[in-house]
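Coordinate inspection notes
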Amino acid sequence: DAGFDLESRPSRWIDDIIALVTERCTLLSDYPHALDFFFTAPKVFEAKGAKKAFGTEAGERLLNAAEVMESVESFDQVTVEKALRDHVEASGVGFGKIAQPIRLAVTGRMASPGLFEVLEYVGKEESISRVRRAAEYIASGDIPVG
């Protein structure tokens, strides 16, 4: 009923993302909102989150993170986490200064299931696309919030 494209996804993928959000859902009616970012890119970002995570330096950090994610051959949560943590350590920036903007860019929210699980299930191309799009919004100064 939520309009998600379930036909193009393996049933295992659907089972896995439902398991990721189950602890955040009290009612069956909570699931569509909890799952929507797995199917479509956010059109708006949480206003409070955008104010906190999408500062001027976040755009460049997101672009750097997108490059790191592009360079990973296997886009699974363990590999992506290691690559991003190595990048953070090398850059000397706190992990939250990269993780929270990435989470917001990919989900539109500051709270979600584990970031690296989300990235894996959203997929490499789509995750990178969302991160780059958020960096463009930050650069333009016109971040859609809601």
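Quantities reported herein were computed from a predicted structural model and do not represent experimental measurements. (Residues numbered from 1 in each chain as written. Predicted model: local features only at pLDDT ≥ 70, side-chain atom pairs only at ≥ 80, totals over all residues. Heavy atoms only, no water.)

The terminal C-alpha atoms of helix 5 (residues 77-91), which comprises 15 residues, lie 21 Å apart, in line with the 21 Å expected from a rise of 1.5 Å per residue. Those residues of helix 5 lying buried are Val80, Leu84, His87 and Val88. Buried residues of helix 5 fall within an arc of 100° about the axis and therefore sit on the same side. Facing away from the buried surface of helix 5 by more than 90 degrees, the exposed residues are Val78, Lys82, Glu89 and Ala90. Contact partners of the buried residues in helix 5: helix 4 (56-71), helix 6 (96-107) and helix 7 (115-122). You can read the cap of helix 5 off the contacts: a side-chain oxygen lies 3.1 Å from the backbone nitrogen of Val78, and it is on Asp76. Gly92 lies just past helix 5 and shows a positive phi near 75°. (Helix = DSSP H or I, 4+ residues; strand = E, 2+ residues; numbered from the N terminus. Expected span 1.5 Å × (residues − 1). Buried < 20%, exposed > 50% of the residue type's maximum accessible area, 1.4 Å probe, protein only. Arc of directions from axis to C-beta. Contact = heavy atoms within 4.5 Å. Polar contact = N/O pair within 3.5 Å; in protein donor to acceptor, adjacent residues only side chain to side chain.)

All chains considered together, the criterion is met by 7 aromatic pairs. Consider the rings of Phe45 and Tyr137, whose centres lie 5.9 Å apart with planes at 75°: the pair is edge-to-face. Taken together, the positions of Phe45 in the loop between helix 2 (31-39) and helix 3 (47-53) and Tyr137 in helix 8 (residues 124-140) put the pair 92 residues apart, joining distant regions of the chain. Its relative accessible area of 3% is what places Phe45 among the buried residues. The class of Tyr137 is partly exposed, set by a relative accessible area of 25%. An aromatic cluster of three or more residues is present, and its members are Phe4, Trp13, Phe37, Phe38 and Phe39. The ring of Trp13 has Arg9 lying over it, and the distance from NZ or CZ to the ring centre is 4.2 Å. Geometry around Phe95 places Arg85 over its ring, the cationic atom sitting 4.0 Å from the centre. (Phe/Tyr/Trp six-rings, centres within 6.5 Å; stacked < 30°, edge-to-face > 60°. Lys NZ or Arg CZ within 6 Å of the ring centre and 35° of its normal.)

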